[in-house]
Amino acid sequence: ASALAEVQRVVAEPVTAEEIATEQEKNRRDREEGVRTNRFWVSAIAGALGRGEDPLELTTWDARNDSLSAVEVQAMAARVFDEEASYVELVLLPAE
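Looking at the overall build of the protein chain
The secondary structure content of the protein chain amounts to five helices and zero strands. Going residue by residue from the N terminus, the α and β elements of the protein chain occur as α-α-α-α-α. Here the C-alpha radius of gyration of the protein chain, 17 Å, is well above what a compact globule of 96 residues would show, namely 12 Å. Its C-alpha atoms give the protein chain principal-axis dimensions of about 40 × 40 × 25 Å. Within the span of the protein chain, comprising 96 residues, buried residues form 18% of the whole. Surface exposure of the protein chain reaches about 7,700 Å², of which carbon and sulfur atoms provide 58%. Of the side-chain charges in the protein chain, 10 are positive and 20 negative, and the distance between the mean point of each set is 8 Å.

Below, the structure is given as structure tokens:
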């Protein structure tokens, strides 16, 4: 319920500048670690090719991360999590 409430909040109102800055910094740290271990390049190139995108676009990763805006996040959330979208609800039950 709390995850759905958070999704609905992002669809209804833009995220804060602080939330954007936090996510950008997390993305940078994850990318730095991924580049160091080559994990970033393997997954990013495979993902780009799988989506039919030009892998050279990866060279603009920093600029795209730094330009992330609350309006873009809200628009993406509205597109991905619209009320007509299908989703699966999973419930973990304790082992017997």
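After presenting the structure, the write-up continues.
Things to note about the layout of surface pockets
Taken as a whole, the largest pocket spans an internal volume of roughly 360 Å³. As for the largest pocket, its lining consists of 17 residues, and the residues nearest its centre are Ala44, Arg51, Leu58, Trp61 and Arg64. When contributions to the lining of the largest pocket are tallied by element, the ones reaching two or more residues are α2 (17-37), α3 (39-50) and α4 (61-66). Broken down by element, the residue count for the lining of the largest pocket peaks at five residues, all from α3. Taken together, the residues that form the lining of the largest pocket break down as five nonpolar, four polar and eight charged.

Re a nonpolar patch on the surface
Together, Trp41, Ile45 and Leu49 make up a nonpolar patch on the protein surface, roughly 270 Å² of accessible area in all. In this structure leucine 49 comes out as exposed when scored by relative accessible area, which is 54%.

A short note on the environment of serine 69
Its location among the elements puts serine 69 in the loop between α4 and α5 (70-80). The partly exposed category is assigned to serine 69, whose relative accessible area is 25%.

Description of the packing of α2 against α3
For the pair α2 and α3, interaxial distance at closest approach is 5 Å and the crossing angle is 100 degrees. With respect to each other, α2 and α3 are oriented roughly perpendicular. Facing α2, whose interface residues are Asp30, Arg31, Glu33, Gly34, Val35 and Thr37, α3 presents Arg39, Phe40 and Trp41. A class-by-class count of the residues in the contact of α2 with α3 yields three nonpolar, two polar and four charged.

Points about the nonpolar core
Judged by nonpolar contacts, Val10, Val15, Ile20, Ala70, Val73 and Ala77 together constitute the single largest core of six residues. Element by element, the count of residues in this core is highest for α5, at three residues. If we skip the residues at most four places from it in the chain, alanine 70 touches Pro14, Val15 and Ile20.

Basis of the calculations
- Residues numbered from 1 in each chain as written.
- Predicted model: local features only at pLDDT ≥ 70, side-chain atom pairs only at ≥ 80, totals over all residues.
- Heavy atoms only, no water.
- Helix = DSSP H or I, 4+ residues; strand = E, 2+ residues; numbered from the N terminus.
- Rg over C-alpha atoms; globule rule 2.2 N^0.38 Å.
- Buried < 20%, exposed > 50% of the residue type's maximum accessible area, 1.4 Å probe, protein only.
- Areas by Shrake-Rupley, 256 points an atom, 1.4 Å probe, with all protein chains shown as cover.
- Lys, Arg positive; Asp, Glu negative; His and termini not counted.
- Charge placed at Lys NZ, Arg CZ, Asp CG, Glu CD.
- 1 Å grid on protein atoms, 1.4 Å probe; cavity = no way out; pocket = protein on both sides within 12 Å on 5 of 7 lines; lining within 4 Å.
- Points joined across faces, edges and corners; volume = space filled by probe spheres on them.
- Nonpolar A, V, L, I, M, F, W, Y, C, P; charged D, E, K, R; others polar.
- Patch = residues over 30% accessible without salt bridge, like charges linked within 9 Å, V, L, I, M, F, W, Y side chains within 5 Å.
- Salt bridge = Lys/Arg side-chain N within 4 Å of Asp/Glu carboxyl O.
- Axes fitted to C-alpha atoms, helices over the stretch in contact; angles between N-to-C directions.
- Parallel < 35°, antiparallel > 145°, perpendicular 65-115°, else oblique.
- Contact = heavy atoms within 4.5 Å.
- Core = buried A, V, L, I, M, F, W, Y, C linked by side-chain atoms within 4.5 Å.

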